Amino acid sequence: AQSVTQPDIHITVSEGASLELRCNYSYGATPYLFWSVQYPNQGLQLLLKYLSGSTLVKGINGFEAEFNKSQTSFHLRKPSVHISDTAEYFCAVGNNFNKFYFGSGTKLNVKP
Amino acid sequence: NAGVTQTPKFRVLKTGQSMTLLCAQDMNHEYMYWYRQDPGMGLRLIHYSVGEGTTAKGEVPDGYNVSRLKKQNFLLGLESAAPSQTSVYFCASSYDDSGANVLTFGAGSRLTVL
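A.B. asks: Before we go on, may I ask you to explain the overall build of chain A in this structure?
C.D. replies: Broken down by element type, chain A carries zero helices and 12 strands. Ordered by position in the sequence, the α and β elements of chain A form the string β-β-β-β-β-β-β-β-β-β-β-β. Since a compact globule built from 112 residues should have a radius of gyration of about 13 Å, the 13 Å found for chain A is in line with a globular shape. Counting only C-alpha atoms, chain A reaches 40 × 30 × 20 Å along its principal axes. Taking all 112 residues of chain A together, the buried fraction comes to 46%. Summing over all exposed atoms, chain A offers an accessible surface of approximately 5,300 Å²; the carbon and sulfur share of this is 48%. Each charge sign in chain A was given a centre, from 9 positive and 7 negative side chains, and these centres are 7 Å apart.

A.B. asks: Explain the pattern of salt bridges here, please?
C.D. replies: Oppositely charged side chains may form a pair once their charged atoms are brought near each other. With the rule as written, the count across this model stands at eight salt bridges over all chains. One salt bridge in this structure joins Lys78 of chain A and Asp85 of chain A, with 2.8 Å as the shortest N-O distance. Each member of the pair Lys78 of chain A and Asp85 of chain A is classed as buried. One salt bridge connects Arg36 of chain B with Asp38 of chain B, and the closest N-O pair in it is separated by 2.9 Å. For the pair formed by Arg36 of chain B and Asp38 of chain B, the shared burial category is buried. A cluster of three or more residues bridged by salt bridges with shared partners is formed by Glu20, Glu66 and Arg77 of chain A.

A.B. asks: Explanation requested: unusual backbone geometry in the structure shown.
C.D. replies: Negative phi values dominate among residues other than glycine, just as trans dominates among peptide bonds. For the bond running from Thr7 of chain B to Pro8 of chain B, omega is -10 degrees, close enough to zero to count as cis. Structurally, the position occupied by Pro8 of chain B is in the loop between strand E1 (4-7) and strand E2 (10-13). Phi angles above zero are rare outside glycine, and Asn61 of chain A is one such case at about 60 degrees. One can find Asn61 of chain A in the loop between strand E7 (56-58) and strand E8 (64-68).

A.B. asks: Looking at this structure, I do not really get the pairing of E8 of chain A. What am I missing?
C.D. replies: Where a strand is regular, its side chains alternate between the two sheet faces. All names here are of chain A. Residues of E8 alternate between two faces, with Ala65 and Phe67 buried on one and Glu64, Glu66 and Asn68 left unburied on the opposite face. Summarising the sheet, E7 and E8 pair through three bridges and their orientation is antiparallel. Along E8, the bridge assignment pairs Val57 with Ala65. Sheet topology places E8 next to strand E9 (residues 73-78); five bridges connect them, and they run antiparallel. Paired with Glu64 across the two strands is Arg77, which belongs to E9. A loop of four residues connects E8 with E9, the two strands running antiparallel in sequence, and Thr72 in this loop sits at a positive phi of about 45 degrees.

Calculation rules
- Each chain carries its own residue numbering, running from 1 in the direction its sequence is written.
- All chains are assigned letters beginning with A, and all ligands numbers beginning with 1, in the order in which they are written.
- Side-chain atom pairs in this predicted model are given and counted only at pLDDT of 80 or more, local residue features only at pLDDT of at least 70, and totals for whole chains, interfaces and linings cover all residues.
- In computing side-chain values, all of the structure's heavy atoms are included and hydrogens and water are not.
- A run of H or I in DSSP becomes a helix once it reaches four residues, and a run of E becomes a strand once it reaches two; helices and strands are each numbered from the N terminus.
- This radius of gyration counts C-alpha atoms alone. The globule rule is 2.2 Å times how many residues there are, raised to the power 0.38.
- Burial here depends on accessible area, computed with a 1.4 Å probe over protein chains only, as a share of the maximum for the residue type. Under 20% is buried, over 50% is exposed, and the range in between is partly exposed.
- Method for areas: the Shrake-Rupley scheme with a 1.4 Å probe, in which residue coverage is limited to the protein chains shown.
- In summary, the charge assignment counts Lys and Arg as positive and Asp and Glu as negative, without counting His or the chain termini.
- Positions of charges follow a simple convention, taking NZ of Lys, CZ of Arg, CG of Asp or CD of Glu.
- By convention in these notes, a salt bridge is any Lys or Arg side-chain nitrogen within 4 Å of a carboxyl oxygen on Asp or Glu.
- Whether two strands pair comes down to DSSP finding at least two bridges between them.

Written out as structure tokens, the structure is:
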């Protein structure tokens, strides 16, 4: 069965620290992989996506993610976080939007 | 700004009441989707539409109906609201259903059923 696991519900980091948000998935084939961000009272915005090719994907606002097929993971990273990165982050997998699978989300709090 | 607009943003209902959420997009997208978001869970697809006049069931369709009479509008209806339908509802649209394209979300509609 297809599923997405984000094991960390809440993460708090200090401004300027590095960040890794974990995502593991279960899918029948190699899917498209996505990370999205949700700021309070807003819809989801795409940070980055992996479709094929290079396993290291760079997105907006300095975020990047690495697709690891053997570990079925797609962890999100940022070298130095800013207070404005405080938000909830969702990992999602799927090749078609009508059969998309979202993780339960990780709430990130960046403290001064 | 072009995008996806949802109305209303907030609504409180009593059990058994009915209501309709409206989603409008001005990007000429063929595909439109309704999701619900609950605490500790990711978004789950309720219904979707692949074009004007079409609708299809998603992962959690029970208790909801939808209509796509105009290409730019996708309506989500609750005929008899239940407390289990308390949630935040998101509409989204896309050019087609390929994950290679962009899925654009609205800002959400928060529904509370008492």
